[in-house]
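What follows is the residue order along each chain.
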Amino acid sequence: MLIPNGSVFTPALLTLTGIPGLESVQRWIGIPFCVMYFMAVIGNSLILGIIKYEHSLHKPMYIFLAMLGATDIALSTCILPKMLGIFWFHLPEISFVACLLQMWLIHSLQATESGILLAMALDRYVAICHPLRHTTFFSQQLLTHIAVGVTLRGAILGAPCLILIKCRLKLFRTTVISHTYCEHMAIVKLATEDVRINKMYGLFVAFSILGFDIIFITLSYIQIFITVFQLPQKEARFKAFNTCIAHICVFLQFYLLAFFSFFTHRFGAHIPPYVHILLSNLYLLVPPVLNPIVYGVKTKQIRDHVLKLLFSKKFLNH
């Protein structure tokens with residue numbers, strides 16, 4: 001319904017434009033994005049299958065890895081189908097409720113992934129700094145509590161963003177979102193009303209989750225490095241450090257992409273909009289693709305089971 005000043009009152013539909021400035025080549029951009037999506041689903045599904053059926057991998061480190069893989073599949077699935085619908089089939093419209101749901105799922109899953117990375121850092125800390133306590137500390141009950149906790153944390157903290165948009169914002173200057181998916185700030189900026197509370201709460205959630213996790217992950221790895229370098233034998237130091245390399249790689253690529261995307265979105269006014277959108281998409285798509293590759297290459301147990309699976313299939317085909 002239109003009101004006199006031209007604003008839209010509680011729109012039923014929103015329109016996602018895709019990547020502003022690159023509309024003519026979006027169909028081609030969709031191809032690598034689609035390839036990345038299938039790589040992420042196949043790679044993480046392979047990791048999940050191996051961990052599920054190999055009882056020797058039913059340990060905290062691999063359980064957290066399985067949780068990370070499941071989160072990555074869910075996160076990439078939240079954005080890719082709709083994105084490809086925009087790029088390939090010219091289906092830019094999305095209902096307001098579905099847009100809010102997508103926004104909540106994306107931010108909740110991002111928070112869940114960050115929490116899993118924190119749990120993995122804690123696992124490595126206990127395994128290296130307090131090895132005798134590792135088995136008793138990471139009981140099945142604790143693993144269940146961690147899984148439930150990191151999932152509910154993002155879901156609960158993200159819910160007020162939905163309520164603040166749905167209940168506070170009624171007038172929108174436009175229904176067109178210059179993005180490929182429904183992102184919190186992209187929706188909030190459409191409103192003609194005072195959105196300071198929405199912005200402040202969004203920043204609070206981002207820093208309370210990512211900030212908290214980064215601080216404790218960093219402290220964990222500092223203590224791990226101190227312990228590793230104090231080991232008397234070179235081989236023991238190398239073995240202990242090698243178990244952390246994959247975690248460090250995943251940790252760095254997730255948070256570096258997150259902060260680069262975050263700061264360019266808020267403070268890079270001189271950067272073209274399509275750069276912001278591409279960075280946001282890569283931030284959500286690159287980690288799900290790289291995580292199974294990193295763990296497949298750097299984790300011997302995973303690598304051995306993948307090679308065993310591939311060569312056994314190859315043998316059977318011959």
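Residues numbered from 1 in each chain as written. Predicted model: local features only at pLDDT ≥ 70, side-chain atom pairs only at ≥ 80, totals over all residues. Heavy atoms only, no water.

*Asks:* Can you explain the UniProt feature "transmembrane region" (unreviewed entry) in the chain? Please cite residues and give values.
*Replies:* Residues annotated in UniProt with the feature "transmembrane region" (unreviewed entry) correspond here to residues 28–51, 63–89, 142–165, 200–228, 240–262 and 274–295. Helix makes up 100% of residues 28–51 and strand 0%. Its end C-alpha atoms lie 36 Å apart. Its end C-alpha atoms 41 Å apart, residues 200–228 is made of 100% helix and 0% strand. (UniProt positions renumbered as here; feature names shortened; annotations may be inferred. Helix = DSSP H or I, 4+ residues; strand = E, 2+ residues; numbered from the N terminus.)

*Asks:* Residues and numbers for the nonpolar core, please.
*Replies:* One finds Phe64, Ile79 and Ile177 to be the most contacted residues of the largest nonpolar core, which totals 92 residues. Here the element with the most residues in this core is helix α3 (residues 96–129); it accounts for 16 residues. Setting aside its immediate chain neighbours within four residues, Phe64 contacts Ile116, Ala119, Met120, Asp123, Phe138, Leu143 and Ile146. (Core = buried A, V, L, I, M, F, W, Y, C linked by side-chain atoms within 4.5 Å. Buried < 20%, exposed > 50% of the residue type's maximum accessible area, 1.4 Å probe, protein only. Contact = heavy atoms within 4.5 Å.)

*Asks:* Describe the sheet that holds strand β5 (residues 176–177), listing the residues and the values that go with them.
*Replies:* The strand order across the open sheet built from three strands is β3-β2-β5, with neighbouring strands paired in mixed fashion. Every other strand in the sheet has two partners, leaving β3 (93–95) and β5 as the edge strands with one partner each. Contacting β2 (13–16), β3 and β5, α3 crosses the sheet at an angle of about 85° to β3. (Pairing = 2+ DSSP bridges. Axes fitted to C-alpha atoms, helices over the stretch in contact; angles between N-to-C directions.)

*Asks:* I'd like a rundown of the state of the cysteines, residues and numbers included.
*Replies:* If you walk through the whole model with that rule in mind, you get one disulfide. Cys78 takes part in no disulfide bond, and the closest cysteine sulfur to it belongs to Cys182, at a distance of 11 Å. Accessibility expressed as a relative area gives 19% for Cys78, which makes it buried. The cysteine Cys167 is free of any disulfide, with Cys161 supplying the nearest cysteine sulfur at 13 Å. (Disulfide = S-S within 2.5 Å.)

*Asks:* Go over the pairing of β2 with me, naming the residues and quoting the values.
*Replies:* Both faces of the sheet carry side chains from a regular strand, because those side chains alternate between them. Going residue by residue along β2, you find Leu14 and Leu16 tucked away on one face and Leu13 and Thr15 left uncovered on the opposite face. Both β2 and β3 contribute to a ladder of three bridges, which runs antiparallel. Considered in β3, the bridge of Thr15 is made with Glu93. Where β2 lies against β5, two bridges are found, and the strand directions are parallel. Considered in β5, the bridge of Thr15 is made with Val176.

*Asks:* Account for a nonpolar patch on the surface, naming residues and giving values.
*Replies:* A contiguous nonpolar patch, built from Val25, Trp28, Ile31, Val35, Met39, Trp88, Phe89, Leu91, Leu290, Ile293 and Val297 and spanning about 1,000 Å² of accessible area, is present on the exposed surface. Broken down by element, the nonpolar patch gets its largest block of residues, four residues, from helix α1 (residues 26–53). If you trace the backbone, Leu290 turns up in helix α9 (residues 273–298). For Leu290, a relative accessible area of 33% corresponds to the partly exposed category. (Patch = residues over 30% accessible without salt bridge, like charges linked within 9 Å, V, L, I, M, F, W, Y side chains within 5 Å. Areas by Shrake-Rupley, 256 points an atom, 1.4 Å probe, with all protein chains shown as cover. Salt bridge = Lys/Arg side-chain N within 4 Å of Asp/Glu carboxyl O.)

*Asks:* Give a description of the environment of Ser208 that names residues and reports values.
*Replies:* Looking at where Ser208 falls in the secondary structure, it is placed in helix α7 (residues 196–229). Taking C-alpha positions, Ser208 is 23 Å from Cys249, a pair spaced 41 residues apart along the chain. Within the structure, Ser208 has its side chain in polar contact with the backbone oxygen of Phe204 (distance 2.7 Å). Among the polar contacts listed, one links the side chain of Ser208 to the backbone oxygen of Val205, at a separation of 3.1 Å. (Polar contact = N/O pair within 3.5 Å; in protein donor to acceptor, adjacent residues only side chain to side chain.)

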